[in-house]
Amino acid sequence: MSTNHLFRARLTWTNLGNGLLVLMGLSVVLPFFWLILGSFKTGAQLNDPTLLLFNPTLENWNEIFRSGVLESTWRSAMVAFITVIFSIIIGSMGAYAISRYRSGGNVARFSILAAQVLPPAVLVFPFLEISYQLRLNDTVFAVLVPHLSFVLPVVTWFLIGFFDAVPREVEEQALVDGLSRIQALRKVVIPQVSPGIGAAAIFGFVLSWNDLFYALILAPGNSATLPVKIASFNTFRGVELGAMCAAILVAVVPVLFMSFFIQKRLVRGISGGAIKY
Amino acid sequence: MATIELRKVYKTFGNIDVVKGLDLVIPDGQFTVLVGPSGCGKTTTLRMIAGLETVNSGEIIIGGKVVTKLEPKDRDIAMVFQNYALYSHLTVADNIGFPLKAIKFNKSEIKTRVLGVAQSLGIQELLDRRPKELSGGQQQRVAIGRAIIRSPKVFLFDEPLSNLDAKLRLEMRTEIIRLQRRLGTTVVYVTHDQEEAMTLSDVMVVMKDGVIMQMGKPEEIYRKPKDVFVAGFVGSPRMNLMSGKAKSGLFTTESGCQFKIDSSINGEIIWGIRPEDVKILNTKPDAPQAKVEIIEQLGPRAIVTLQVNEQQITAVVDNDHLQKIDNRSDIVIDSSVEDHHYFDAKNGLRLIDN
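Definitions and cut-offs
Residues numbered from 1 in each chain as written. Chains lettered and ligands numbered in written order. Predicted model: local features only at pLDDT ≥ 70, side-chain atom pairs only at ≥ 80, totals over all residues. Heavy atoms only, no water. Helix = DSSP H or I, 4+ residues; strand = E, 2+ residues; numbered from the N terminus. Rg over C-alpha atoms; globule rule 2.2 N^0.38 Å. Buried < 20%, exposed > 50% of the residue type's maximum accessible area, 1.4 Å probe, protein only. Contact = heavy atoms within 4.5 Å. Lys, Arg positive; Asp, Glu negative; His and termini not counted. Charge placed at Lys NZ, Arg CZ, Asp CG, Glu CD. Axes fitted to C-alpha atoms, helices over the stretch in contact; angles between N-to-C directions. Parallel < 35°, antiparallel > 145°, perpendicular 65-115°, else oblique. Left-handed = near helix turned anticlockwise from the far one by under 90°. Buried area = accessible area lost by both parts, 1.4 Å probe. Salt bridge = Lys/Arg side-chain N within 4 Å of Asp/Glu carboxyl O. Polar contact = N/O pair within 3.5 Å; in protein donor to acceptor, adjacent residues only side chain to side chain. Nonpolar A, V, L, I, M, F, W, Y, C, P; charged D, E, K, R; others polar. Phe/Tyr/Trp six-rings, centres within 6.5 Å; stacked < 30°, edge-to-face > 60°. Lys NZ or Arg CZ within 6 Å of the ring centre and 35° of its normal. Domains from an automatic or database assignment.

Caption draft 1: Highlighting the overall build of chain A. If you tally the helices and strands in chain A, you get twelve helices and two strands. Tracing chain A from N to C terminus, the helices and strands come up as α-α-α-α-α-α-α-α-α-α-α-β-β-α. Radius of gyration (C-alpha) of chain A: 24 Å, far over the 19 Å computed for a compact globule of 277 residues. On the principal axes, the C-alpha backbone points of chain A span a range of 80 × 70 × 35 Å.

Structure (structure tokens):
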């Protein structure tokens, strides 16, 4: 094949690749676009998905504020925040121990996520039973503990790679320089893994924020979190699509922002945790 | 300043004995270098002195105080690691001032001392930078600055020059010597590079398999190695060592090559001669015939690899002298009996103190 042919062939492949990327991009962006439009449409206008030009209404937004979406958002944020605080404190200590002292050996390092392969249904009924016994059902506490059950292992696993990346000598240097082990961890190791801790916190927050399954079963009523509230727009009269669009936007926008800020560290955390042992 | 004493120190990792009953006195204010091949226990010894490794049995004493069970922070030592171990989240100034901050010095005092140390090391321009913005040599200087700022009793160096390029390594070597002379602090320095050990040390400790093979002044170890391991390890290029039989002032190698030696030596021995003690001549009666195989130029001198029968011998000769040798395939080698080293073939120990 001549150079010219090769060049053309390469150009065709590049174009094909770019075309594919545009299609994939559109498949992600279009639903959002549709959601934004949907949140400003009336019920009748929503029946026509192709309708792009219309008189926008704020009715759907008013409806979600009336129906307590704000309260659910606050509840979701609180549950996610507390879950993350616990996960970071316990997870960073666990990750440090696994990374530095090989606590639990390679088994601990790799099996920490083992519970994730179980369907959540296996755990949800024991949690439900316990929350009933403790009279905590339909409260945010009933959701908090199950959230810890999947956020804490993920955060720990995520942080192991970051702790692995801190040279052992740096910590030993701190010991020689006059710090105790705990001080060395706090003043030298933790500051060096702080980008990872930040990323793990956001990652854990998003995991908790997005959970529907546990929240729907353990706190479906007065303590509904945002995903449960969104699901509640699927009523016996039918799906209130407009309000649902608006509520989904409320749930999605913070996650999008957070993902944007942590994307690089997210990849590093996941690959670091996976590759190093 | 302090003397360091190790008394019957043992260290094992699992089933492996890494340090086997080490008895060592590191003199006050001297530059002591622990040298040996990989796995000889030198770094473990240094780490035990620092308190970073526990001791299985035995005692470590620094400045008359038993520190065996003390934390590193309570031993009044400073250490420089091979990879510098700088705190990447802190600036150069904060790195250097870190040991003072750890013992709660006041801020203005820290600032003054950091500036003083930085000036003495020529890094005052770098104080606001982060470690990742520095070259290897600059990072090394910061690590040294952090070590000297607290004026500790002992400096410990763990192969600190290994990560530098050859030119910088020579520069830093000189700087470390100058620094030690100026401060007069006891230094324990670990290296696998015998040349570095020779140039730096006041006292050189050659280790192998967790025990001390020989300890003394570098020139003494070079001139009179106690055994065949030290003879082969110290010196570059390494000493020519040949097994064979000595009888009536003549040494016969296994390949049948013969050399004149001290007539008091008899039996199965290992005969050694340093490359710089091998003389290459045009002719001399009774001297072994040799052929030049390879010449490696070093500028004023050259390393010449010779074949004597089937025996390979290395010589270091002046280049001027090498030019005078007219026929390189027809030469002889010679040496003075005083320059010979004799070792017992069975236990490898030096036979006579010539």
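Read on for the rest.
Caption draft 2: Local environment of the overall build of chain B. Of regular secondary structure, chain B possesses nine helices and 20 strands. Viewed in the frame of its principal axes, chain B has a C-alpha envelope of about 80 × 45 × 35 Å. Looking at the 354 residues of chain B, the share that counts as buried comes to 52%. Residue pairs at least 24 apart in sequence account for 64% of intrachain contacts in chain B once pairs closer than 6 positions are excluded. In chain B, 46 positive and 45 negative side-chain charges are present, and the distance between their average locations comes to 7 Å.

Caption draft 3: Quick look at the packing of helix α2 (residues 92-102) of chain B against helix α4 (residues 136-148) of chain B. All names here are of chain B. The N-to-C vectors of α2 and α4 enclose an angle of 30°; their axes lie 6 Å apart at closest approach. Our classification of the angle between α2 and α4 gives roughly parallel. The crossing of α2 and α4 is right-handed. Counted together, V92, N95, I96 and P99 of α2 and V142, G145 and R146 of α4 form the full contact between these two elements.

Caption draft 4: Just the interface of chain B and chain A, in detail. If you look at the interface, chain B gives 20 residues, while chain A gives 16 residues. Summing the contributions of chain B and of chain A, the shared interface buries around 1,700 Å²; its carbon and sulfur component is 58%. Contact with chain A buries area across many residues of chain B, yet K73, Y87 and H89 of chain B alone supply 29% of it, more than any other trio. Joining chain B to chain A, the criterion identifies two salt bridges. With a closest N to O distance of 3.8 Å, D177 of chain A and R146 of chain B form a salt bridge. Linking chain B with chain A are nine residue pairs in polar contact (both at pLDDT 80 or more), by the criterion used here. For the side of chain B that touches chain A, the secondary structure elements donating two or more residues are β6 (77-80) and α2 of chain B. Classifying every residue of the side of chain B that touches chain A gives 13 nonpolar, three polar and four charged.

Caption draft 5: Up close: the packing of aromatic side chains. Tallied over the entire structure, the rule returns 16 aromatic pairs over all chains. For the pair F213 of chain A and Y214 of chain A, a centre-to-centre distance of 5.9 Å together with 75° between the ring planes defines the contact as edge-to-face. Between F157 of chain B and Y189 of chain B, the ring centres sit 5.7 Å apart and the planes meet at 40°, which makes this aromatic pair tilted. Linking F157 of chain B in strand β7 (residues 154-158) with Y189 of chain B in strand β8 (residues 186-191), this pair joins segments that are 32 residues apart in sequence. Y189 of chain B gets classed as buried once you look at its relative accessible area, which sits at 0%. Aromatic ring contacts, followed pair by pair, group F127, F150, F213 and Y214 of chain A into a single cluster. Sitting over the ring of F236 of chain A, R237 of chain A keeps its end group 5.7 Å from the ring centre. A cation over a ring is seen here: R274 of chain B above Y222 of chain B, with NZ or CZ 4.0 Å from the ring centre.

Caption draft 6: The domain arrangement of chain A, seen in detail. Residue and element names in this part refer to chain A. By the assigned domains, chain A splits into domain 1 (3-38) and domain 2 (68-273). Computed from C-alpha atoms alone, the centre-to-centre distance between domain 1 and domain 2 is 34 Å. In this complex, domain 1 contributes five residues to the contact, which on the side of domain 2 involves seven residues. Taking both sides of the interface into account, the surface hidden between domain 1 and domain 2 amounts to around 490 Å²; carbon and sulfur atoms contribute 91%. Our count for the domain 1 to domain 2 interface comes out at zero salt bridges. Our count for the contact surface shared by domain 1 and domain 2 stands at zero residue pairs in polar contact (both at pLDDT 80 or more).

Caption draft 7: Geometry of the domain arrangement of chain B. Residue and element names in this part refer to chain B. When the domains of chain B are assigned, the result is domain 1 (4-230) and domain 2 (237-344). For domain 1 versus domain 2, the separation of C-alpha centres amounts to 39 Å. Taken together, the contact pairs seven residues of domain 1 with eight residues of domain 2. Of the roughly 600 Å² buried where domain 1 meets domain 2, counting both sides, 53% is carbon and sulfur surface. Among the residues of domain 1 in contact with domain 2, Y222, R223 and V228 are the three that bury the most area, contributing 76% of the side total. Inspection of the domain 1/domain 2 interface yields one salt bridge.

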